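# A structural walkthrough
Now for the letters of each chain:
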Amino acid sequence: MAEKNRKAKAGVPRSEVFALRLDPKLKYLAEIAARKQRRSLANFVEWAIEEALKGVPLAAADINGNRPTVANVAAQLWALNEPERLRNLATHYPELLSYDEQLVWRVLNEHTTRHPGTEGISRFMGEKFFNARLVRACWPEIKAFALEGGSLEKLDKAVLFHDGVDC
């Protein structure tokens, strides 16, 4: 029987595709467990990951003996867009940033424009603010500069364009 085409909500994918390699024995046993729970293998793997996240502690126990797990802080870390997810992780668990995330975070914290009259002004971050609108608008240029050897001039132009300063 042909599978029906399921439509996602406007612009939002139903789920992410993720390639996974499993040991043949583990795959077989996961298939058995999935059958027992009347799930597809993909749904079983998703459920198993959700269950595992409940047991992965992110920090030492607090004074009440509670240890935050990935599942407990999911709402604190998750955001619909990548720049805000990076900010959330860097703010709460900076030690968990990947190397690439550290490079991007450094650009957000240290980049200052070099346009006359704005030299030395950080447009992305301040002591107590995160310019989410500007970071989202300049995200491709930020990542290109941080990770791919992108041009500082392109980043500065994007910042000035999106921040309403005439070049």
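Residues numbered from 1 in each chain as written. Predicted model: local features only at pLDDT ≥ 70, side-chain atom pairs only at ≥ 80, totals over all residues. Heavy atoms only, no water.

## Details of the packing of aromatic side chains
Counted under the stated rule, the structure contains one aromatic pair. Aromatic side chains F44 and W47 sit 5.5 Å apart centroid to centroid with 40° between the ring planes, which places their arrangement in the tilted category. In this pair, F44 and W47 are both assigned in helix α2 (residues 41-53), three residues apart and thus about one turn of the helix distant. What makes F44 buried here is its relative accessible area of 12%. (Phe/Tyr/Trp six-rings, centres within 6.5 Å; stacked < 30°, edge-to-face > 60°. Helix = DSSP H or I, 4+ residues; strand = E, 2+ residues; numbered from the N terminus. Buried < 20%, exposed > 50% of the residue type's maximum accessible area, 1.4 Å probe, protein only.)

## Structural notes on the packing of helix α4 (residues 82-92) against helix α5 (residues 99-110)
Interhelical geometry of α4 versus α5 gives an angle of 95° and a closest axis separation of 11 Å. Relative to α5, the element α4 lies roughly perpendicular. On α5, the residues that touch L86, R87, L89 and A90 of α4 are E101, V104, W105 and L108. For the contact of α4 with α5, the residue count by class is six nonpolar, no polar and two charged. (Axes fitted to C-alpha atoms, helices over the stretch in contact; angles between N-to-C directions. Parallel < 35°, antiparallel > 145°, perpendicular 65-115°, else oblique. Contact = heavy atoms within 4.5 Å. Nonpolar A, V, L, I, M, F, W, Y, C, P; charged D, E, K, R; others polar.)

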